[in-house]
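Chain residues, written in single-letter form:
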Amino acid sequence: MKFILTLLMCSIVDGKTTCLPPFQSEVEYKDAYDCMLDGYSEAYNKIISLGREDVNKYKIYIKFGCNENQSNKTTVSSIEIR
């Protein structure tokens, strides 16, 4: 089973939360563990690159998740037994 990392960057301005469209990594991870480690690393690096001033000014935060890659799964149709 392969996993895909999805990151969501949001900010809170004047009490209103606004999020950018989710970013989905092109990397496919062999398991949830590797995906989660990379998720923390990617979020950390993005916050660093944005800088203290903008993160504090716009109250930026990043959420992420690791989900199974559904694109490679095959669908099994149900069979009616009589």
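The rules we used
- Residues numbered from 1 in each chain as written.
- Predicted model: local features only at pLDDT ≥ 70, side-chain atom pairs only at ≥ 80, totals over all residues.
- Heavy atoms only, no water.
- Helix = DSSP H or I, 4+ residues; strand = E, 2+ residues; numbered from the N terminus.
- Pairing = 2+ DSSP bridges.
- Contact = heavy atoms within 4.5 Å.
- Phe/Tyr/Trp six-rings, centres within 6.5 Å; stacked < 30°, edge-to-face > 60°.
- Buried < 20%, exposed > 50% of the residue type's maximum accessible area, 1.4 Å probe, protein only.

Turning our attention to unusual backbone geometry. Even without a glycine there, the phi angle at Asp14 is positive, about 55 degrees. On the secondary structure map, Asp14 appears in the loop between β1 (3-13) and β2 (16-19). In this structure, Lys59 takes a positive phi of about 50 degrees despite not being glycine. By the secondary structure assignment, Lys59 is in the loop between α2 (52-58) and β4 (61-68).

Moving on, we get to the pairing of β1. Bridging between β1 and strand β3 (residues 23-29) involves four bridges; their strand directions are antiparallel. The residue bridging Leu7 from the neighbouring strand is Phe23, located in β3. With eight bridges connecting them, β1 and β4 associate as antiparallel partners. If you follow Thr6 over to β4, its bridge partner there is Gly65. Both β1 and β2 contribute to a ladder of four bridges, which runs antiparallel. The partner of Ser11 across the bridge, within β2, is Thr18. In this structure, the hairpin formed by β1 and β2 is closed by a connection of two residues, where Asp14 is found at a positive phi of approximately 55 degrees.

On to the side chain of Asn69, then. Relative to the helices and strands, Asn69 resides in the segment after β4. In contact with Asn69, other than residues within four places in its own chain, are Lys2, Phe3, Ile4 and Glu28.

Considering all chains together, one arrives at one aromatic pair under this definition. Here Tyr40 and Phe64 contribute two aromatic rings whose centre-to-centre distance is 4.8 Å and whose plane-to-plane angle is 85 degrees, an arrangement assigned as edge-to-face. Of this pair, Tyr40 sits in helix α1 (residues 32-50) while Phe64 sits in strand β4, placing them 24 residues apart in sequence. By relative accessible area, Tyr40 is classed as exposed at 53%.

Shape is all these values report; function is a separate question.
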